[in-house]
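A structural walkthrough
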Amino acid sequence: MASEHYFTAADAVAPPVGKMVDRFLGWRLPEDFAPDAGVSFAAPQHPFGWPTGTNLFHAGQAKEMFEHAIGNPEAPQALGLLTFCVLVLRNGFTVTGESACASPENFDAEIGRKIARQNAVQKIWPLMGYELKQRLHEQA
């Protein structure tokens, strides 16, 4: 496998805004960045190195901006109990697995990821069987 990714259905409906804000504020500003639409910003002039994020607002305001942009949807609680695993195979093909928990009291994110991954791996075996059968057919 090339990589594996996990998320809940709630993450898909209502993305975790905190992570989006952190990524945004950590974004390296482009070379032609010009604060306040003025003179271009040159790295040697900045005392702390090349800037990241924005000079327009602080993290709390960035959070408000993202919530406004995505509409700050609320996901039903049940969607937080449905965990997905996406496995990216070395050839770029993807397989998915899922795990659903019956009650919020029993939900364990680690167990959900483990079961979702197991279910995704189970989907690889038929693909490998088909590939083997095709190779044997071509050799005959």
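Here goes a summary of the coordinates provided. (Residues numbered from 1 in each chain as written. Predicted model: local features only at pLDDT ≥ 70, side-chain atom pairs only at ≥ 80, totals over all residues. Heavy atoms only, no water.)

1. Let's talk about the overall build of the protein chain
Secondary structure summary: the protein chain contains four helices and three strands in total. Taken from N to C terminus, the helices and strands of the protein chain fall in the order β-α-α-α-β-β-α. Counting only residues that meet the buried cut, the protein chain has 21% of its 140 residues in that class. Counting only contacts in the protein chain whose residues sit at least 6 apart along the sequence, the fraction spanning at least 24 positions is 62%. In the form shown here, the protein chain has an accessible surface area of approximately 10,000 Å², with 58% of it arising from carbon and sulfur atoms. (Helix = DSSP H or I, 4+ residues; strand = E, 2+ residues; numbered from the N terminus. Buried < 20%, exposed > 50% of the residue type's maximum accessible area, 1.4 Å probe, protein only. Contact = heavy atoms within 4.5 Å. Areas by Shrake-Rupley, 256 points an atom, 1.4 Å probe, with all protein chains shown as cover.)

2. Regarding the packing of aromatic side chains
Applying the stated criterion to the full structure yields two aromatic pairs. Aromatic pair Phe7 and Phe84: ring centres 5.3 Å apart, planes at 25 degrees, arrangement stacked. A residue pair is termed long-range when its members are at least 10 positions apart, and Phe7 in strand S1 (residues 3-8) and Phe84 in strand S2 (residues 82-88) qualify at 77 residues. The class for Phe84 is partly exposed, based on a relative accessible area of 23%. (Phe/Tyr/Trp six-rings, centres within 6.5 Å; stacked < 30°, edge-to-face > 60°.)

3. Let's talk about the pattern of salt bridges
Inspection of the entire model under this criterion finds four salt bridges. A salt bridge links Arg117 to Glu4, with the shortest nitrogen-to-oxygen separation between them at 3.1 Å. Of this pair, Arg117 sits in helix H4 (residues 109-139) while Glu4 sits in strand S1, placing them 113 residues apart in sequence. Overall, Arg117 belongs to the partly exposed group, its relative accessible area being 28%. Take Glu4: its relative accessible area is 34%, and that puts it in the partly exposed class. Arg113 is paired through a salt bridge with Glu110; the nearest N and O atoms lie 3.0 Å apart. Of this pair, Arg113 and Glu110 both sit in helix H4, three residues apart, which is roughly one turn of that helix. Assessed through its relative accessible area of 30%, Arg113 is described here as partly exposed. (Salt bridge = Lys/Arg side-chain N within 4 Å of Asp/Glu carboxyl O.)

4. Focus: the pairing of strand S3 (residues 94-100)
Alternating positions in S3 separate cleanly, Val95, Gly97 and Ser99 being buried on one face and Thr94, Thr96, Glu98 and Ala100 remaining unburied on the opposite face. Counting the residues in the hairpin turn of S2 and S3 gives five residues, including Gly92, whose phi is positive at 95 degrees. (Pairing = 2+ DSSP bridges.)

5. Description of helix H3 (residues 59-70)
Compared with an ideal rise of 1.5 Å per residue, which puts twelve residues at 16 Å, H3 spans 17 Å between its outermost C-alpha atoms and is within 8% of the ideal. Among all positions of H3, only Ala62, Phe66 and Glu67 are buried. The buried residues of H3 all sit within an arc of 140 degrees when viewed along its axis, so they share a single face. The exposed residues of H3 that point more than 90 degrees off its buried face are Glu64 and His68. (Expected span 1.5 Å × (residues − 1). Arc of directions from axis to C-beta.)

6. Regarding the packing of helix H2 (residues 17-25) against H3
One way to put it is that H2 packs onto H3 with a least axis distance of 9 Å and a crossing angle of 120 degrees. Relative to H3, the element H2 lies oblique. Here H2 runs over H3; the crossing is right-handed. Two secondary-structure elements touch here, H2 through Val17, Met20, Val21, Phe24 and Leu25 and H3 through Ala59, Ala62, Lys63, Met65, Phe66, Glu67 and Ile70. Along the lines of polarity and charge, the residues of the contact of H2 with H3 split into ten nonpolar, no polar and two charged. (Axes fitted to C-alpha atoms, helices over the stretch in contact; angles between N-to-C directions. Parallel < 35°, antiparallel > 145°, perpendicular 65-115°, else oblique. Left-handed = near helix turned anticlockwise from the far one by under 90°. Nonpolar A, V, L, I, M, F, W, Y, C, P; charged D, E, K, R; others polar.)

By themselves, these are just geometric observations and shouldn't be taken as functional.
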